[in-house]
Amino acid sequence: MRRFSLRPLLALAAGALCATAAPAETVQVAVAANFTAPAKALAEVLNKTTGHEAKLSFGPSGGFYTQIKNGAPFDVFLSADDERPARLEQEGETVPGTRLTYAIGRLVLWSAREGVVDQACAVLKSGNFNTIAIANPKLAPYGAAAMQTLEAMGLTEAITPKVVTGENIGQTHNFVATGNADLGFVAKSQVLHSGRLKGGSMCEVPGSYHAPIVQDAVMLRRAESNPAAKAWMALLRSPRTHELLRSYGYEVKADEKAAR
C-alpha cells in the first residue's frame, strides 16, 4: 500500500473548514486507545487548518462512558464501539443528530517477534506460547472481540490461564511490544504504519469470529456551541480522512451519512 501523506488532507480541510474565519477554540476529545495514532494526525490537521486545538485523552471506552456520566469535561467522545455513544444519546447527554460511525476496527493477533504468528493464527491452537495479552473485555470492545474469537475457536478454556489483561488496548499492545506477553489481540491500526506492518508477525482475525467493531463518535451536550467541536466532527466526515483511516487498517463505510 502506498505511503499516506497528510498534505492533501490539510489542503482539503483548509478549504472546507476555513471558509469563514472564527476565533480559535479548544475541543476536549475522549479517544478510544486503538485510535491514538490517527487521532493525533487529525489533531494536527485541525490545528493547521482552523487554528482550533484538540486536546486528546486516550483510554478504554467503558471508562470514558463512566467519566462522562460523572461530569468529566469532554466535548467529543470517540468510542471503540457504537453501544456507549448510542446510550449517551438515549440518556440525553449528546447534541442531537451528531452521532456518526467514523471507523470500523479490525482485530489482529500480533507478536513483536518475527515468525511467531502465521497468517492462519495457528499458534493459538498449537499453544506454543506462555502468555497472551487481551484488553479488559468489560471496558474495551477489542477485548470483548478477542474473547468472542477464542469462544468461536473453542479455545477459551485452554487459553484463559495464559491471559494477561490490559486495562485498554493501548496497554495490551504495550505488553506485547515490551515482551511482557508473547503475543496478543490488538487493533490492526496499532501495528501498521502507512498500511505496512511495523514489525513482528500478525494474522488478521476473521470478522465472522466476533461482532463487528463499529466505532461511533458523538458530540456531547456541553459542546453544542463550541466551534472547535463542530470542526472536529466535520473533519471526521471528510473523504480524505476516510482515506487516512484506511491507511491505518480501518474500514470506513463509503455511504455513511454525516450523522443519524
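1. Observations regarding the packing of aromatic side chains
Thinking step 1. Tallied over the entire structure, the rule returns four aromatic pairs.
Thinking step 2. Taking the centre distance of 4.9 Å and the plane angle of 75 degrees together, the rings of F35 and Y102 count as edge-to-face. In this pair, F35 sits in the loop between β1 (26-32) and α2 (36-50) while Y102 sits in strand β4 (residues 100-105), placing the two residues 67 residues apart along the sequence. There is no split in this pair, since F35 and Y102 are both buried.
Thinking step 3. Relative to F77, the ring of F64 has its centre 6.3 Å away and its plane inclined at 70 degrees; by these criteria the two rings are edge-to-face.

2. Considerations on the confidence of the model for the chain
Thinking step 1. Across the chain, the average pLDDT comes to 90, with 88% of residues at or above 70.
Thinking step 2. Note on residues 14-20: pLDDT is under 50 here. Beyond four places in sequence and across chains, it has nine contacts.
Thinking step 3. Scored below 50 in pLDDT, residues 255-260 shows 15 contacts in the model against residues more than four places distant or in partner chains.

3. Quick word on the sheet that holds strand β2 (residues 53-59)
Thinking step 1. The sheet built from five strands is open, its strands ordered β2-β1-β3-β12-β4 with mixed pairing. At either end of the open sheet lies a strand with only one pairing partner, and these are β2 and β4. Averaged over all adjacent pairs, the angle separating strand axes in this sheet is 20 degrees, with direction ignored.
Thinking step 2. In this sheet, β2 lies alongside β1 in parallel orientation, the contact comprising seven bridges. Across the sheet, the residue bridging to V27 is A54, located in β2.
Thinking step 3. The strands that α2 touches are β1 and β2; relative to β2, the one it contacts most, it runs at about 170 degrees.

4. Things to note about the environment of E83
Thinking step 1. Mapped onto the secondary structure, E83 falls in helix α4 (residues 83-90).
Thinking step 2. A residue is classified by how much of its surface remains accessible, and E83, at 46% relative accessible area, is partly exposed.
Thinking step 3. For the pair formed by E83 and V214, sequence separation is 131 residues and the distance between their alpha carbons is 8.8 Å.
Thinking step 4. A polar atom in the side chain of E83 sits 2.5 Å from the side chain of R87.

Definitions and cut-offs
- Along each chain, numbering runs from 1 in the same order as the chain's sequence is written.
- Confidence filtering applies because this is a predicted model: local features only for residues at pLDDT of at least 70, side-chain atom pairs given and counted only at 80 or more, and all residues used for totals across whole chains, interfaces and linings.
- Heavy atoms throughout the structure, all of them, feed into the side-chain values; hydrogens and water do not.
- To pair, rings of Phe, Tyr and Trp, with the six-membered ring standing in for Trp, must have centres within 6.5 Å; the planes then decide the type, stacked if under 30 degrees apart, edge-to-face if over 60, and tilted in the middle.
- Every helix listed is a DSSP run of H or I at least four residues long, and every strand listed is a run of E at least two residues long, numbered separately from the N terminus.
- Relative accessible area decides the class of each residue, using a 1.4 Å probe on protein chains only: under 20% of the type maximum gives buried, over 50% gives exposed, and in between gives partly exposed.
- Confidence scores per residue from the predictor, reported as pLDDT, run from 0 to 100.
- Note on contacts: a residue pair is in contact if any heavy atoms of the two residues lie within 4.5 Å.
- Only strands joined by at least two bridges in the DSSP assignment are considered to pair.
- All axes are obtained by fitting lines to C-alpha atoms, using only the stretch in contact for helices, and the reported angles, taken between N-to-C directions, cover 0 to 180 degrees.
- Definition of a polar contact: a pair of N or O atoms within 3.5 Å, with one able to donate and the other able to accept a hydrogen when the atoms are protein atoms, and with sequence-neighbouring residues admitted only if both atoms are side-chain atoms.

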